Amino acid sequence: MVRSLKRLAWRLYERRMLARLDRRIARLRALGMEIGEDVNLPASTYVDESHCFLIRIGDHCGFGNDCVILAHDALMDEFLNATRVGRVVFHPSCH
């Protein structure tokens, strides 16, 4: 009985995490980010939402915990007063 309750609790937890991941990916896609199929993007992975339209992730990519995906350099150049912005591309099956 206890074992079956633990399994049920684990299945519910997994469903909740998958639903949260689906909502996050849908939000990022709505902001212009290109995300392929079967992408593992943990909640602890930070994505630059202000420039996410410059980020493209191919199919079957996976990221570890606490990764940071940035499309801009936040450090300002002392003399030019400019920020560098660029496209970030993760090709299919990149980990």
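Above this note sits the structure.
Residues numbered from 1 in each chain as written. Predicted model: local features only at pLDDT ≥ 70, side-chain atom pairs only at ≥ 80, totals over all residues. Heavy atoms only, no water.

## A closer look at the overall build of the protein chain
We count it as follows: A run of H or I in DSSP becomes a helix once it reaches four residues, and a run of E becomes a strand once it reaches two; helices and strands are each numbered from the N terminus. As a reference, a globule follows 2.2 Å times the number of residues to the power 0.38, and the radius of gyration itself is taken over C-alpha atoms. Only protein chains enter the accessibility calculation, which uses a 1.4 Å probe; a residue is then buried when its area is under 20% of its type maximum, exposed when over 50%, and partly exposed in between. Residues are treated as being in contact if the distance between any of their heavy atoms lies within 4.5 Å. Under the convention used here, a 1.4 Å probe and the Shrake-Rupley method define accessible areas, while residue burial counts only the protein chains that appear. Asp and Glu count as negative and Lys and Arg as positive, but His and the ends of the chain are not part of the count. Lys charges are placed at NZ, Arg charges at CZ, Asp charges at CG and Glu charges at CD.
The helix and strand inventory of the protein chain stands at one helix and five strands. Listing each helix as α and each strand as β along the protein chain from the N terminus yields α-β-β-β-β-β. Taken over the C-alpha trace, the protein chain has a radius of gyration of 17 Å; the compact-globule value for 95 residues is 12 Å, which it surpasses by more than 25%. Seen through its principal axes, the protein chain has C-alpha atoms that stretch 70 × 25 × 25 Å. Counting over 95 residues, the protein chain shows a buried share of 26%. Look at the contacts in the protein chain between residues 6 or more apart in sequence, and 28% of them connect residues 24 or more apart. Counting only carbon and sulfur atoms, one obtains 57% of the accessible surface of the protein chain, whose full area is about 7100 Å². The averaged location of the 12 negative side-chain charges in the protein chain is 15 Å from the averaged location of its 14 positive side-chain charges.

## Let's talk about the nonpolar core
Put simply, the test is: We define a nonpolar core as any set of buried Ala, Val, Leu, Ile, Met, Phe, Trp, Tyr and Cys residues linked to one another through side-chain atoms lying within 4.5 Å.
Ranked by internal contacts, the top residues of the largest apolar core, which has 18 residues, are Met33, Leu41, Val47, Ile55, Ile57, Phe63 and Ile69. Mapped by element, the contributors of at least two residues to this core are helix H1 (2–30), strand S3 (55–57) and strand S5 (88–90). A total of three residues in this core trace back to one element, the largest contributor, which is H1. With residues near it in sequence (within four places) discarded, isoleucine 69 still touches Leu41, Thr45, Tyr46, Val47, Asp48, Ile55, Phe63, Val88 and Phe90.

## A few points about the packing of aromatic side chains
What counts here: Each aromatic pair joins two rings of Phe, Tyr and Trp (for Trp, the six-membered one) with centres within 6.5 Å, and gets the label stacked for planes under 30 degrees apart, edge-to-face for over 60, and tilted for any other angle.
All told, the structure shown has two aromatic pairs when counted by the stated rule. Centroid distance phenylalanine 63 to phenylalanine 90: 5.0 Å. Interplanar angle 85 degrees. Geometry classified as edge-to-face. Here phenylalanine 63 is found in the loop between S3 and strand S4 (68–69), whereas its partner phenylalanine 90 is found in strand S5, with 27 residues between them in sequence. The exposure classification of phenylalanine 63 matches that of phenylalanine 90, with both residues buried.

## Section: the sheet that holds strand S1 (residues 34–35)
In plain terms, the rule: By this definition, two strands are paired if DSSP reports at least two bridges between them.
Taken in spatial order, the three strands make up an open sheet running S1-S3-S5, and their pairing is parallel. Each edge of the sheet is formed by a strand with only one pairing partner; in this case those strands are S1 and S5. Alignment of S1 against S3, held across two bridges, turns out to be parallel. In the strand pairing of S3, glutamate 34 is matched with arginine 56.

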